[in-house]
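Coordinate analysis (summary)
Here is what each chain is made of, one letter per residue.
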Amino acid sequence: MRTTVLLTLAVPLAGILFFTALKRFYVPDELPGSYRFVEEAHTIAAADGAQLSATLTRVTGSNDASENQNSATARPLIVMVADRTLDGNWNSRSFSFRSGSTLARIFASAGYHSLRFDHRGTGQTVASPRTHLDLELMTGDIAAAIQSVPRIFRSPTSEVSATYLLAHGDGCALTLQSLQSHARDQVEGLAGIMLTACPVAIGALDEPQTLFEQWGRVLLHNMRRQRVPDKVVARAAVEWSDYAASGELPVEEIAPAKEPSPDLIAFREALAFMNSAEMQSFRELAREMHSGRALTALTKAGVPVLHLFGQSDGELPPESYERAQEYARANFSGRAAYRAQMIARMNHFLKEQEQIETGPGLALERLNPFRRIHPAAVDALLQFVIAQAP
């Protein structure tokens, strides 16, 4: 009898919790504005003829009677660039983060168009999953996305009042490089750039950090985050420094008399992979990519930059925000061209999260459907667009 009663109560309760979670997972966060919008499927033609799947979130009008109801009113456009291993919605093959698609709807509800696209090998863009290792190809694709705006909009001059870029994770460094190497002609027309959850390897101009050096910093950071013993991390740091300087693996250290720890073995395997023939193109371009210099060139050209960091972002080395502040002090002396902002309780995907998680806790946080885009991040992004509006 007791079992029957418990089941009678438990089954409906489980059903309610399940459908609540399901609804929360598929229904976007509450939208801050009053504008109507539609989502349109498009393709972007890359330089080599590849077709990149893209989504245009187009504003069609406003529910506010006091607003202009003309869908052709010129509005700001935000071109969104995801981390190089994520699709346009910021989803991976294993996890559905949805930050990209949610941000697009948030922007649209506030009256801004947005364009996002799937990198090769992600989402609906068919390609080898290892395409994300070809940095030259990816920077070219970003340029193609920026240059596709006149084709996607029927009347771009009357529908788009200003163009912004929003990049996430590794997409930041690739976007800055793309503007220097593939889309220089687009820089003058940019109203602003928003960088999110990325270190961008910046500091004082006399200590520029390349993407290659950044890769090493992140590798060591991840070892610390996984609570690898300090002695092992210190040894890995020495080997990384030697490899970064010489470009050669420390062969004499690969097979020591005493068996190294499993963590050091894993680190050395990562180094060996970076040094492989498969990674040669990645390695060579990453050694040339000085994101700090690219960022400085853009701001000197008059393009304002907002750089958002999350206090609960475990993906970035802890010194990333301090280096960003150092960069601002060294180059702008408080001027508004570049601004770094730390948001408390925000994770790598711009969602609310109380603290940095590691191990199983990290996986559970990524699967948590109840996380929403941090309101402070939404406010910072929208205010940045408003501030640059013509």
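Anything mentioned here points back to the structure above.
Just so it is clear, the structure is predicted and the values come from calculations on it, not from any experiment.

Another aspect to go through is the nonpolar core. Among the nonpolar cores identified, the biggest contains 68 residues, and Leu 179, Ile 193 and Phe 267 are the most heavily contacted of them. The biggest single contributor to this core is helix 3 (residues 135-147), with seven residues. In this structure Phe 267 touches Leu 219, Leu 220, Met 223, Ala 236, Glu 239 and Trp 240, once residues within four positions along its chain are discounted. With 30 residues, the next largest nonpolar core counts Ala 82, Phe 97, Ile 373 and Val 385 among its residues.

Okay, the sheet that holds strand 2 (residues 51-62) next. Ordered in space as 1-2-4-3-5-6-7-8, the eight strands form an open sheet in which the pairing is mixed. Only two strands of the sheet have a single partner each, and these edge strands are strand 1 (35-45) and strand 8 (338-343). The sheet shows a mean angle of 20° between the axes of neighbouring strands, taken without regard to direction. Against the sheet, helix 16 (residues 375-388) touches strand 3 (75-81), strand 5 (160-168), strand 6 (190-196), strand 7 (305-310) and strand 8, its axis set at about 175° to strand 7.

The subject of this paragraph is the state of the cysteines. Tallied over the entire structure, the rule returns one disulfide. Paired through a disulfide, Cys 172 and Cys 198 show a sulfur-sulfur distance of 2.2 Å. Given an S-S torsion of about -80°, the disulfide between Cys 172 and Cys 198 has left-handed geometry. Placement of the pair is Cys 172 in helix 6 (residues 171-181) and Cys 198 in the loop between strand 6 and helix 8 (211-225), with a sequence separation of 26 residues. Judged by relative accessible area, which is 1%, Cys 198 ranks as buried.

This brings us to the layout of surface pockets. If you add up the space inside the largest pocket, you get close to 920 Å³. Around the largest pocket sit 34 residues that line it, and Asp 83, Arg 84, Thr 85, Asp 170 and Val 218 are the ones nearest its centre. Sorting elements by how many residues they give to the lining of the largest pocket places helix 8 first, with seven residues. For the lining of the largest pocket, the residue count by class is 19 nonpolar, nine polar and six charged. By volume, the second largest pocket amounts to about 230 Å³.

Next up on the list: the pairing of strand 4 (residues 113-117). For strand 4, the buried fraction is high: five of the five residues fall into the buried class. Because side chains alternate across strand 4, one face comprises the buried residues His 113, Leu 115 and Phe 117, and the other comprises Ser 114 and Arg 116, equally buried. Note that strand 2 and strand 4 share four bridges and pair antiparallel. Opposite Ala 54, over in strand 4, you have Phe 117 as the bridge partner. When strand 3 meets strand 4, the two strands line up parallel, connected through four bridges. Across the sheet, residue Ile 78 finds its bridge partner in strand 4, namely Ser 114. One crossover worth recording links strand 3 to the parallel strand 4 by way of helix 2 (residues 99-109), and it is right-handed.

So, how was this worked out
Residues numbered from 1 in each chain as written. Predicted model: local features only at pLDDT ≥ 70, side-chain atom pairs only at ≥ 80, totals over all residues. Heavy atoms only, no water. Core = buried A, V, L, I, M, F, W, Y, C linked by side-chain atoms within 4.5 Å. Buried < 20%, exposed > 50% of the residue type's maximum accessible area, 1.4 Å probe, protein only. Helix = DSSP H or I, 4+ residues; strand = E, 2+ residues; numbered from the N terminus. Contact = heavy atoms within 4.5 Å. Pairing = 2+ DSSP bridges. Axes fitted to C-alpha atoms, helices over the stretch in contact; angles between N-to-C directions. Disulfide = S-S within 2.5 Å. 1 Å grid on protein atoms, 1.4 Å probe; cavity = no way out; pocket = protein on both sides within 12 Å on 5 of 7 lines; lining within 4 Å. Points joined across faces, edges and corners; volume = space filled by probe spheres on them. Nonpolar A, V, L, I, M, F, W, Y, C, P; charged D, E, K, R; others polar. Right-handed = clockwise from strand over helix to strand, strands pointing away.

The values are spatial; any link to function lies outside them.
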